[in-house]
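Here's the letter readout for the chains.
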Amino acid sequence: MRDEDYGLFGPGSVTWRVMGEPVLMVGGIRALLLQALHPRSMWGTAQNSELMDPDAAWARLGRTVEFVRVRTYGTHEEVERVGRRVRKLHSKLTGLDMRTGETFRVDEVENLLWVHMGEVDSYLDVARRAGVRLSDADADAFVDEQRRAAEVVGLDPAGVPSSVAEMKAYYEEMRPKIWACREARVGLRRMFNPNVPRQMLPLKLAAPGIGLLVVSTLPRWARRMYGMPGLPTSDLAATLTLKGLYRTTHVLPERLRYTPDAKRARALTRAHQENNVDLSIAS
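For the structure given in this document, a descriptive report is provided here. (Residues numbered from 1 in each chain as written. Predicted model: local features only at pLDDT ≥ 70, side-chain atom pairs only at ≥ 80, totals over all residues. Heavy atoms only, no water.)

What follows covers the overall build of the protein. The secondary structure content of the protein amounts to 14 helices and two strands. Rg of the C-alpha trace for the protein: 19 Å, near the compact-globule value of 19 Å for 283 residues, within the 12% margin. For the protein, the spread of C-alpha atoms along the three principal axes comes to 65 × 40 × 40 Å. Going through the 283 residues of the protein one by one, you find that 45% of them count as buried. Taking contacts inside the protein between residues at least 6 apart in sequence as the whole, the part at least 24 apart equals 69%. When the accessible area of the protein is evaluated, it comes to approximately 15000 Å², of which 57% is carbon and sulfur surface. Of note, the protein has its 41 positive side-chain charges centred 7 Å away from the centre of its 35 negative side-chain charges. (Helix = DSSP H or I, 4+ residues; strand = E, 2+ residues; numbered from the N terminus. Rg over C-alpha atoms; globule rule 2.2 N^0.38 Å. Buried < 20%, exposed > 50% of the residue type's maximum accessible area, 1.4 Å probe, protein only. Contact = heavy atoms within 4.5 Å. Areas by Shrake-Rupley, 256 points an atom, 1.4 Å probe, with all protein chains shown as cover. Lys, Arg positive; Asp, Glu negative; His and termini not counted. Charge placed at Lys NZ, Arg CZ, Asp CG, Glu CD.)

Have a look at this one:
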């Protein structure tokens, strides 16, 4: 295999195996709802971005998607470039705590870590429930690999959970500190009836169903914070739906199922696996 810059992850990583699956789009939206439950994270975002402006929210979402794409598949130079831009932007921003009137930095470690863990937990949870083949060791490896992504936004990897058990402990510690503020509840309602560009009108029609699925994938405690039922039956229904979506996407040919980045990653991963098999046989 050529000597190539694969960025933060590369062939053989669990991240490349997981992140290209189309069903992970549900995980991305789930992450936004989970992240919004940290009041300062939500206020810092709402007060400094176009998030609460329905006409501009799609452009912001597009920039977020592009950041995740580059972070996952880009070269080290590309990742450093987008990371430097994000860190510089966050370093200039402050938010107002609506409870205390205190001004806080958007790039406080607690805020950055909460947002990071919301992504990691959401992608992993949706992937496993959908049926992506992941052992317990794979799940731990995914959480550990994502510490590299945490460093991109300015976190010290040493202070970021590196396993599923550490991630669960983190959420247990954080739950008494979080709740659904007004802005978070507005965001939740808007998800069911979003303002969309004319060319994306079909998405508006599908939004209620997508929104219901995404909410149902949240942890029960998170659903209750939003004032939604936290029933075990909702968990089961969400898992069955995710499995159905995953199987449906796999009916499609790979050339139609995956993005160009994901197709390249899968091809490189197969070559990596074949090369390891050849080396094993030779030895």
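Its 17 residues give helix α7 (residues 136–152) an end-to-end C-alpha distance of 26 Å, which sits within 8% of 24 Å, the value for a rise of 1.5 Å per residue. All of the buried residues in α7 are Asp138, Ala139, Phe142, Val143, Glu145, Gln146, Ala149, Ala150 and Val152. Count one or two residues on from α7 and you reach Gly154, which has phi positive near 110°. (Expected span 1.5 Å × (residues − 1).)

A word on the pattern of salt bridges. This structure, assessed with the given rule, holds 25 salt bridges. Between Arg30 and Asp121 there is a salt bridge; the shortest N-O distance is 2.8 Å. You can see Arg30 sitting in helix α2 (residues 24–35) and its partner Asp121 sitting in helix α6 (residues 109–130), a full 91 residues away along the chain. The same class applies to Arg30 and to Asp121, which are both buried. Three or more residues are tied together by salt bridges with common partners; here these are Arg40, Asp97, Arg99, Glu102 and Glu108. (Salt bridge = Lys/Arg side-chain N within 4 Å of Asp/Glu carboxyl O.)

Here Arg40 shows up in helix α3 (residues 39–48). Residue class for Arg40 comes out buried when judged on its relative accessible area of 12%. A polar contact of 3.3 Å, which involves the side chain of Arg40, links it to the side chain of Glu108. Setting aside anything within four residues of it in sequence, one finds Arg40 in contact with Asp97, Arg99, Glu102, Phe104, Glu108 and Asn111. (Polar contact = N/O pair within 3.5 Å; in protein donor to acceptor, adjacent residues only side chain to side chain.)

Looking now at helix α10 (residues 201–217). Helical periodicity: at 3.6 residues per turn, an α-helix aligns residues three or four positions apart in one direction. End to end, α10 covers 25 Å across 17 residues, agreeing with the expected 24 Å (1.5 Å per residue, within 8%). Of all the bends in α10, the greatest reaches close to 50° and is centred on Ala207; the proline Pro208 follows between one and four positions later. Within the span of α10, buried status applies to Ala207, Gly211, Leu213, Val214, Val215, Ser216 and Thr217. Of the surrounding elements, those touching the buried residues of α10 are α2, α6, α9 (182–192), α11 (220–225) and α12 (232–249). (Bend = angle between axes of the 7 residues up to and from the residue.)

By the definition in use, this model includes one cavity of 30 Å³ or more. Computed from the structure, the largest cavity encloses a volume of approximately 40 Å³. Lining the largest cavity, in full, are Trp16, Arg17, Gly20, Glu21, Tyr73, Tyr258, Ala262, Ala265 and Arg266. When residues of the lining of the largest cavity are traced back to their parent elements, those giving at least two are α1 (14–19) and α14 (260–282). Residue contributions to the lining of the largest cavity peak at three residues, all from α14. (1 Å grid on protein atoms, 1.4 Å probe; cavity = no way out; pocket = protein on both sides within 12 Å on 5 of 7 lines; lining within 4 Å. Points joined across faces, edges and corners; volume = space filled by probe spheres on them.)

Attention now moves to a nonpolar patch on the surface. Residues Leu32, Leu61 and Val65 make up a contiguous nonpolar surface patch of about 240 Å² in total accessible area. Take Leu61: it is sitting in helix α4 (residues 57–73). Accessibility expressed as a relative area gives 33% for Leu61, which makes it partly exposed. (Patch = residues over 30% accessible without salt bridge, like charges linked within 9 Å, V, L, I, M, F, W, Y side chains within 5 Å.)

To continue, consider the packing of aromatic side chains. Following the criterion strictly, the structure yields seven aromatic pairs and no others. Look at Tyr171 and Trp221: their rings are 6.0 Å apart centre to centre, the planes differ by 40°, and that puts the pair in the tilted class. One end of the pair, Tyr171, is in helix α8 (residues 164–174); the other, Trp221, is in helix α11, with 50 residues separating them in the sequence. What makes Trp221 buried here is its relative accessible area of 14%. Three or more aromatic residues link up through ring pairs in this structure, and these residues are Trp114, Tyr170, Tyr171 and Trp221. (Phe/Tyr/Trp six-rings, centres within 6.5 Å; stacked < 30°, edge-to-face > 60°.)

Volume-wise, the second largest pocket comes out at about 400 Å³. Forming the walls of the second largest pocket are 19 residues, and the residues nearest its centre are Arg30, Asp121, Asp125, Lys168 and Pro219. Its residues placed into classes, the lining of the second largest pocket shows seven nonpolar, one polar and 11 charged. (Nonpolar A, V, L, I, M, F, W, Y, C, P; charged D, E, K, R; others polar.)

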